[in-house]
Protein chains: 2
Amino acid sequence: MIDLSNELAIGIDIGGTNTKYGIVNHRGEILEKGDLRTDAFPKVGPFVDALYKTLAPLLEKNSEENVIKGIGIGAPNGNPFTGTIEYAPNLRWKGVIPLCDLVTAKFKLPSVINNDAKAAAIGEMTYGAARGMKHFIMITLGTGVGSGIVIDGHVVYGHDGFAGELGHTTIRPGGRKHSGTGMHGTLETYASATGIAITANEMLDEDPKSKSLMRKYSREEITAKVVAEAAEKGDKIAQDVYRFTGQILGEALANFIMFSSPEAIILFGGVIKAGDLILKPTREHMEKNLLPIFQNKVKLVFSELKEADAAILGASALVWEMKEPVTS
Amino acid sequence: MIDLSNELAIGIDIGGTNTKYGIVNHRGEILEKGDLRTDAFPKVGPFVDALYKTLAPLLEKNSEENVIKGIGIGAPNGNPFTGTIEYAPNLRWKGVIPLCDLVTAKFKLPSVINNDAKAAAIGEMTYGAARGMKHFIMITLGTGVGSGIVIDGHVVYGHDGFAGELGHTTIRPGGRKHSGTGMHGTLETYASATGIAITANEMLDEDPKSKSLMRKYSREEITAKVVAEAAEKGDKIAQDVYRFTGQILGEALANFIMFSSPEAIILFGGVIKAGDLILKPTREHMEKNLLPIFQNKVKLVFSELKEADAAILGASALVWEMKEPVTS
């Protein structure tokens, strides 16, 4: 038996605005954490330097009794095959960024990158609701809709590393247009926080005389959170917004289940703060759209990781998944 | 190196009406073949006896210089985990049929079963268009729509063996009702041969005065083949039927691609006899509904196996995939 108790991993989650980092052990405990502004760095080089400067004293402190095994990075459009970030629309660093090379050169530690949703799936499998599961699908419901698919205990990458773009699958052909992709009726246009706000405005517009707690907000002020708060206070239109969102999400999940027959679907991200408002209609319509052989078999659950920590944990879990180098 | 040149496999394809069998070598050459009526046997026992009686002399003849490695069976609702056929709606044998046990007892040979679409995928990977591919999706377009998904070189079974029911995914929410499942707007209701005939009748009904070569047939006589023949002769409505079918199929394939990012989708079954009539609109709408990162990357091709032989080849290929027994 190899003693893993003194191994630590660095988890770094890069978002468009903020970057969070943490030092994590095998039990998923975050020993140190912090953050810095991503958007303060027009160039990636100074960003890596700043990251090193803030992390170095923490690493030194924790290196005496522990071994830092490596650095895991979750980032939009992170490509695990090449160690790069490729054309991430929300980052200031354009084109193909060889982030793993830069980080490894600076930290003298092996590093690995993955896109944020796949990192979240690995985090959930390592520390969260998917522990012990070999077949599950992670759906992240935030500003956008992301996904990480696990089959036979492995994240599905496909032939080019891009598998698992379930947010961009069409669920309402000819439906609402996605402002980013231009595609119509994709899951993300409805089931993201952005989509929920659009649905709320559409429903308020449909019957301008209907009463709603949401009418005290301007169009721009209506967010998924505002809708959830109104729904919890009994607002009928707000409740309808979540019913409609859950219906579309449930239909999409049924399709995903008939593809890979997972034992669970795990929902994650800001939208799940609405709790049963989103969970109940989603489950109802998921079951309704399944062939009988799949019904009442698939768990639909929320992530067990605290949202504030999940991205760091997911990134750190990439380190435990790293292949051992051939020479050591 | 083990010499495989003298190994043979028996491939058996069980359909509701006919059962085909063949003795196949590693190159995919069918040395012997034949068939018998499935529906002549109300009980499975006498069916296995009859199969043995017809195959025994062929096996004896080929056993002198060769080794018969085992028996692969493709069957509707064939479950590879249990070796059984479970509640197959098109077979006279009801409930759970322990077919592998029966066949192995009679033939004194190891046997393995799989559902017909998954067997077709394995056949294509072994002998056909998917040789050397690690990521592809096989879609069978016959009376129904089946699928076999291969990721990282392995057929996807999911946690319970039922993965890959892509024919039952919803592509037109609230759309046409499936006469068997009762589900609405599923791929099978449109892209199967049955669906094509329904679409043709619907389009003929929409404008009863429109001219069409198909009007010389009764509603029941209109099949996917009749529609294809009319379309090839320039019949506008018949061409529209295939355009519509291809649109729906293409949209569905785009969703599947964004799930597992395969290098190819392979189409198989009676419907592909329509050639470009179905291939062109399918490809157009597949590309149109993909995120740019997936566009112009995924091959959309027809099976390379002769339809008459494909089922036998697929079933035989299951034998080469069989795990070696622990004791030999």
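What this report covers is the structure whose coordinates are included nearby. Keep in mind the model is a prediction, meaning the values are calculated, not measured.

Another point: the sheet that holds strand β6 (residues 84-86) of chain A. Strand pairing in a sheet relies on backbone hydrogen bonds, with the paired strands running either antiparallel or parallel. Residue and element names in this part refer to chain A. Sheet architecture is open: three strands sit in the order β5-β6-β7, paired in antiparallel fashion. Among the strands making up the open sheet, the edge pair consists of β5 (78-79) and β7 (96-97). With two bridges connecting them, β6 and β7 associate as antiparallel partners. Among the inter-strand pairings, Ile-85 is bridged to a residue of β7, identified as Ile-97.

Let us now look at the relation of the copies chain B and chain A. Here the two chain copies are tied together by a rotation about an axis and a shift along that axis. Superposing chain B onto chain A requires a rotation of 180° together with a translation of 0.0 Å along the rotation axis, leaving an RMSD of 0.1 Å. The transformation relating the two chain copies, once decomposed into turn and shift, fits a two-fold axis. Taken as a fraction of all interface residues of chain B, those also at the interface in chain A reach 100%, which identifies the copy contact as same-surface.

A few words now on the interface of chain B and chain A. Of the residues lining the interface, 37 residues belong to chain B; the matching set on chain A comes to 37 residues. When the area that chain B buries against chain A is broken down by residue, the three leading residues are His159(B), Phe259(B) and Leu291(B), summing to 23%. For the interface between chain B and chain A, the tally reads two salt bridges. A salt bridge links Lys297(B) to Asp160(A); the shortest N-O distance between them is 2.7 Å. The tally of links between chain B and chain A comes to 16 residue pairs in polar contact (both at pLDDT 80 or more). Sorting the residues of the side of chain B that touches chain A by element identifies β10 (145-151) and α7 (236-260) of chain B as the ones contributing at least two each. It is α7(B) that contributes the most residues to the side of chain B that touches chain A, six residues altogether. Residue composition of the side of chain B that touches chain A, grouped by class: 19 nonpolar, twelve polar and six charged.

All names here are of chain A. Within the structure shown, the criterion is met by 28 salt bridges over all chains. The residue Glu-32 makes a salt bridge to Lys-61 at a minimum N-O spacing of 2.7 Å. Taken together, the residues span a long stretch of sequence, with Glu-32 in strand β3 (residues 30-37) and Lys-61 in helix α1 (residues 44-63) at a distance of 29 residues. A residue is classified by how much of its surface remains accessible, and Glu-32, at 14% relative accessible area, is buried. Since its relative accessible area comes to 56%, Lys-61 is described here as exposed. Among the ionic pairs, Asp-240 bridges to Arg-243, the shortest N-O distance being 2.8 Å. Here the residue Asp-240 and the residue Arg-243 both occupy positions in helix α7 (residues 236-260), the gap between them amounting to three residues, near one helical turn.

What counts and what doesn't
Residues numbered from 1 in each chain as written. Chains lettered and ligands numbered in written order. Predicted model: local features only at pLDDT ≥ 70, side-chain atom pairs only at ≥ 80, totals over all residues. Heavy atoms only, no water. Pairing = 2+ DSSP bridges. Helix = DSSP H or I, 4+ residues; strand = E, 2+ residues; numbered from the N terminus. Least-squares fit on C-alpha atoms with pLDDT ≥ 70 in both. Contact = heavy atoms within 4.5 Å. Buried area = accessible area lost by both parts, 1.4 Å probe. Salt bridge = Lys/Arg side-chain N within 4 Å of Asp/Glu carboxyl O. Polar contact = N/O pair within 3.5 Å; in protein donor to acceptor, adjacent residues only side chain to side chain. Nonpolar A, V, L, I, M, F, W, Y, C, P; charged D, E, K, R; others polar. Buried < 20%, exposed > 50% of the residue type's maximum accessible area, 1.4 Å probe, protein only.

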